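Descriptive analysis of the structure
Residue-level listing of the chains:
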Amino acid sequence: MLVLTRKSDEAIKLGDDITITVIEIKGNQVRLGIEAPTGVRIYRKEIYEKIKSENIIASRASLDEFAKLREKFKQI
Amino acid sequence: MMRFNTTRFGELEVDNDRLITFPDGIPGFPDVKRYILMDYRDTSLKWLQSVDDPDIAFIVAEPKIFSPDYSVKLDDTVRQYLQIKNDMDIAILVIVRVENGNIVPNLHGPLLLNAENMRGVQIVVEKIS
């Protein structure tokens, strides 16, 4: 992992198109400003990781599980 | 026509125009890019079956079943990513699973499908409206 030290108002560039600026540092919180092309999706990592682990569990769904869900759906 | 193997349904044959492409896959499965949707007449549940990996299939449904007011904001990032020309072309589905006998829809990670070009993406919704 590349580790860089930056101060408030300083920034880093990722390639030509992405700039991440340190807006404010307060205690153990850092506010970041991110400039990136509109097609680039940006997420907080912990939420992204949660979706990822949900996907991995869900990808193993069985035909039996589908049948059970189908029954439950009739009740909605 | 395209033929592929699946663990759950054996060999399937579908028209090429039914293939849905997730250009970057979805979180957890970046290399699995092509899927098909399997509908049923008697239930609103569907399977989203991978074409690239026989083992991978998700049970999906429309989010409005669980949350009638559910909506997703189509921001510029998504518009560009899916090359959206008309908002009416966008279908929203969520992955559903059963946990301890309860239905658990993943409302934080909806799948958006553009019917016009058959591109898809899973987005992350941090706050559900």
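As shown above, the structure is provided for reference.
Residues numbered from 1 in each chain as written. Chains lettered and ligands numbered in written order. Predicted model: local features only at pLDDT ≥ 70, side-chain atom pairs only at ≥ 80, totals over all residues.

Of the regular secondary structure elements, chain B holds one helix and ten strands. Reading chain B from its N end, one meets helices and strands in the order β-β-β-β-β-β-α-β-β-β-β. The globule rule puts the C-alpha radius of gyration for 129 residues at 14 Å, and the 15 Å found for chain B is close to it. Projected onto its principal axes, the C-alpha coordinates of chain B cover approximately 40 × 40 × 30 Å. A total of 129 residues make up chain B; the buried ones form 27% of that total. Taking as baseline every contact in chain B between residues at least 6 positions apart, the subset at least 24 positions apart corresponds to 42%. (Helix = DSSP H or I, 4+ residues; strand = E, 2+ residues; numbered from the N terminus. Rg over C-alpha atoms; globule rule 2.2 N^0.38 Å. Buried ≥ 20, exposed ≤ 12 C-beta atoms within 10 Å, placed from the backbone. Contact = placed C-beta atoms within 7 Å.)

A few words now on the interface of chain B and chain A. At the junction of the two partners, chain B supplies 28 residues and chain A supplies 25 residues. Contributions of two or more residues to the side of chain B that touches chain A are made by β6 (57-61), α1 (76-82) and β7 (90-99) of chain B. For the side of chain B that touches chain A, the per-class residue count stands at 15 nonpolar, nine polar and four charged. (Nonpolar A, V, L, I, M, F, W, Y, C, P; charged D, E, K, R; others polar.)

Residue and element names in this part refer to chain A. An order of β1-β2-β3 is seen for the three strands of this open sheet, with the pairing classed as antiparallel. One side of each edge strand has no neighbouring strand; the edge strands of this open sheet are β1 (11-14) and β3 (29-35). Across this sheet, the average inter-strand angle for adjacent strands is 25°, counted without regard to direction. Inspection of the sheet shows β1 paired to strand β2 (residues 18-26) by four bridges, in the antiparallel sense. Paired with Leu14 across the bridge in β2 is Ile18. (Pairing = 2+ DSSP bridges. Axes fitted to C-alpha atoms, helices over the stretch in contact; angles between N-to-C directions.)

Before going further, it helps to examine the pairing of strand β9 (residues 111-114) of chain B. Residue and element names in this part refer to chain B. Two strands pair when backbone bridges link them, and β7 and β9 are joined in this way by four bridges, in the antiparallel orientation. For Leu93, the partnering residue across the bridge sits in β9 and is Leu111. Relative to strand β10 (residues 119-122), β9 runs antiparallel, the two sharing four bridges. Of the residues in β10, the one forming a bridge with Leu113 is Gly120. Counted between consecutive antiparallel strands, the loop separating β9 from β10 contains four residues, among which Met118 sits at a positive phi close to 60°.

This part takes up the nonpolar core. Formed by 24 residues in total, the largest nonpolar core has its most connected members in Phe58, Ile59, Val60 and Ile95 of chain B. Excluding residues within four positions of it along the chain, Ile95 of chain B makes contact with Asn55 and Ala58 of chain A together with Phe58, Ile59, Val60, Asn106 and Gly109 of chain B. (Core = buried A, V, L, I, M, F, W, Y, C linked by C-beta atoms within 7 Å.)

Right, let's get into helix α1 (residues 45-58) of chain A. Given 3.6 residues to a turn, an α-helix orients residues that are three or four positions apart in the same direction. Counted at 1.5 Å a residue, the expected span for α1 of chain A with its 14 residues is 20 Å, and the 20 Å between its end C-alpha atoms agrees. Three or more residues of α1 of chain A are buried, namely Ile51, Asn55 and Ala58 of chain A. Each buried residue of α1 of chain A lies within a common arc of 70° when the element is viewed along its axis, so the set occupies one face. Pointing more than 90 degrees away from the buried face of α1 of chain A are the exposed residues Lys45, Glu46 and Ser53 of chain A. Summarising the contacts, the buried residues of α1 of chain A are in contact with β6, β7 and β10 of chain B. (Expected span 1.5 Å × (residues − 1). Arc of directions from axis to C-beta.)

Before going further, it helps to examine the environment of Val72 of chain B. If you trace the backbone, Val72 of chain B turns up in the loop between β6 and α1. For Val72 of chain B and His108 of chain B, which are 36 residues apart along the polypeptide, the C-alpha to C-alpha distance reads 10 Å.

The backbone phi angle of Asp9 of chain A is positive, close to 75°, even though this residue is not glycine. Counting through the fold element by element, Asp9 of chain A comes out in the segment before β1. Given 10 C-beta atoms within a 10 Å radius, Asp9 of chain A is considered exposed. Although it is not a glycine, Met118 of chain B adopts a positive phi angle of roughly 60°. For Met118 of chain B, a count of 18 C-beta atoms within 10 Å puts it in the partly exposed group.

Read these as geometric descriptors, not functional statements.
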